[in-house]
Amino acid sequence: MDCNIFEKLRSGAPVNMTDNEYMPVIEYMNKTNLQNFRINNTIPTVNNLRPLEEEFFEGHLDATSFITAPFHIDFPHQIKIGKGVFVNHSLTCMSIGGITIGDGTMIGPHVIIATDNHDLQNKMILVCKGVEIGTNVWIGAGARILPGVHIGDNAVVGAGSVVTKNIEANTVVAGVPAKFIRNI
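What counts and what doesn't
Residues numbered from 1 in each chain as written. Predicted model: local features only at pLDDT ≥ 70, side-chain atom pairs only at ≥ 80, totals over all residues. Heavy atoms only, no water. Helix = DSSP H or I, 4+ residues; strand = E, 2+ residues; numbered from the N terminus. Buried < 20%, exposed > 50% of the residue type's maximum accessible area, 1.4 Å probe, protein only. Contact = heavy atoms within 4.5 Å. Polar contact = N/O pair within 3.5 Å; in protein donor to acceptor, adjacent residues only side chain to side chain. Pairing = 2+ DSSP bridges. Patch = residues over 30% accessible without salt bridge, like charges linked within 9 Å, V, L, I, M, F, W, Y side chains within 5 Å. Areas by Shrake-Rupley, 256 points an atom, 1.4 Å probe, with all protein chains shown as cover. Salt bridge = Lys/Arg side-chain N within 4 Å of Asp/Glu carboxyl O. Axes fitted to C-alpha atoms, helices over the stretch in contact; angles between N-to-C directions. Parallel < 35°, antiparallel > 145°, perpendicular 65-115°, else oblique. Left-handed = near helix turned anticlockwise from the far one by under 90°. Nonpolar A, V, L, I, M, F, W, Y, C, P; charged D, E, K, R; others polar. Phe/Tyr/Trp six-rings, centres within 6.5 Å; stacked < 30°, edge-to-face > 60°.

One can find Asn-166 in the loop between β17 (162–163) and β18 (171–174). For Asn-166, a relative accessible area of 53% gives the class exposed. Through-space distance from the C-alpha of Asn-166 to that of Val-131 is 9.6 Å; in sequence the pair is 35 residues apart. When near neighbours in sequence (up to four residues on either side) are disregarded, Asn-166 contacts Gly-148, Val-149 and His-150. A distance of 2.8 Å separates a polar atom in the side chain of Asn-166 from the backbone nitrogen of His-150.

Below you can see the structure in the form of structure tokens.
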């Protein structure tokens, strides 16, 4: 399979973080750390932040979507954000494995979305699984979304929940780990 390192990580293939092939990942992460700092330390007005966020997402942030600073996103080019998305402050995305956020989704403050994990035998081996969040999803404050999870359309994730498994559309889940509460 002939692909760059980001495609390899997005595919779920194991990658050794000490190999030379991983160097572009470190270089990109250094670049985005600086961009995160710049955004998070700018006077928080739409006129100041919007151009920086559009640059950060390389022109792929729809004009109808809004992400509130501060946030920390390590690989914005691995994220697809739909239309009409609202993200409250303090989002953390470990997005190297790919994150898709559907139209109309709302994400509360202090949410973590992670797509990467490490091999239990060799912790220098990175293994990624993408996260897919459907349309019109509501993720409550402080929720944690773990690698490989798919959240169906119109689902609600309760505040503080840890989502370890897929969530069906039109359902409410909550808890640690998140469990079915009811249908909507």
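A few words on the pairing of strand β6 (residues 91–94). Residues of β6 alternate between two faces, with Leu-91 and Cys-93 buried on one and Thr-92 and Met-94 left unburied on the opposite face. Where strand β3 (residues 71–73) and β6 come together, three bridges link them in parallel fashion. Within the sheet, the bridge partner assigned to Ile-73 lies in β6 and is Cys-93. Judged from the three bridges that link them, β6 and strand β9 (residues 112–114) form a sheet pairing that is parallel. Directly across from Thr-92, in β9, lies its bridge partner Ile-112.

Right, let's get into a nonpolar patch on the surface. A cluster of nonpolar residues, Val-46, Phe-66, Phe-86, Met-106 and Trp-138, forms a patch on the protein surface that exposes about 470 Å² of accessible area. With respect to the helices and strands, Trp-138 occurs in strand β13 (residues 138–139).

With that settled, consider the sheet that holds strand β11 (residues 125–128). If you walk across this open sheet you meet the three strands as β1-β11-β10, and the pairing is antiparallel. Where the open sheet ends on each side, the last strands, each with one partner, are β1 (15–16) and β10 (116–118). Inspection of the sheet shows β1 paired to β11 by two bridges, in the antiparallel sense. Bridging from a neighbouring strand, Val-15 pairs with Leu-126 of β11.

Quick look at the environment of Val-149 now. Inspection of the secondary structure assignment puts Val-149 in the loop between β14 (144–145) and β15 (150–151). Discounting residues that sit within four places of it in the chain, Val-149 has contacts with Gly-130, Val-131, Glu-132, Val-163, Thr-164, Lys-165 and Asn-166.

What follows is about the packing of helix α2 (residues 23–40) against helix α3 (residues 46–56). Two numbers describe a pair of packed helices, the interaxial angle and the distance between the axes. The N-to-C vectors of α2 and α3 enclose an angle of 165°; their axes lie 10 Å apart at closest approach. One element, α2, and the other, α3, form an angle in the roughly antiparallel class. Crossing angle aside, the handedness with which α2 passes α3 is left-handed. Two secondary-structure elements touch here, α2 through Thr-32, Gln-35, Asn-36, Arg-38 and Ile-39 and α3 through Leu-49, Leu-52, Glu-53, Glu-55 and Phe-56. Of the residues assigned to the contact of α2 with α3, the class counts are four nonpolar, three polar and three charged.

Moving on: the sheet that holds strand β7 (residues 99–101). Spatial strand order, β4-β7-β12-β15: four strands in an open sheet with parallel pairing. Whereas interior strands pair on both sides, the edge strands pair on one side only; in this sheet they are β4 (79–81) and β15. Pairing analysis gives three bridges linking β4 to β7, with the strands arranged parallel. Residue pairing across strands places Lys-80 opposite Thr-100, the latter belonging to β7.

This part is about the packing of aromatic side chains. Using the criterion set out here, one finds six aromatic pairs in the structure. Judged by centre distance (5.7 Å) and plane angle (45°), the rings of Phe-56 and Phe-71 are tilted. Of this pair, Phe-56 sits in helix α3 while Phe-71 sits in strand β3, and the two are 15 residues apart along the sequence. With respect to class, Phe-56 is no different from Phe-71; both count as buried. Chaining the aromatic ring pairs together yields one cluster made of Phe-6, Tyr-28 and Phe-75.

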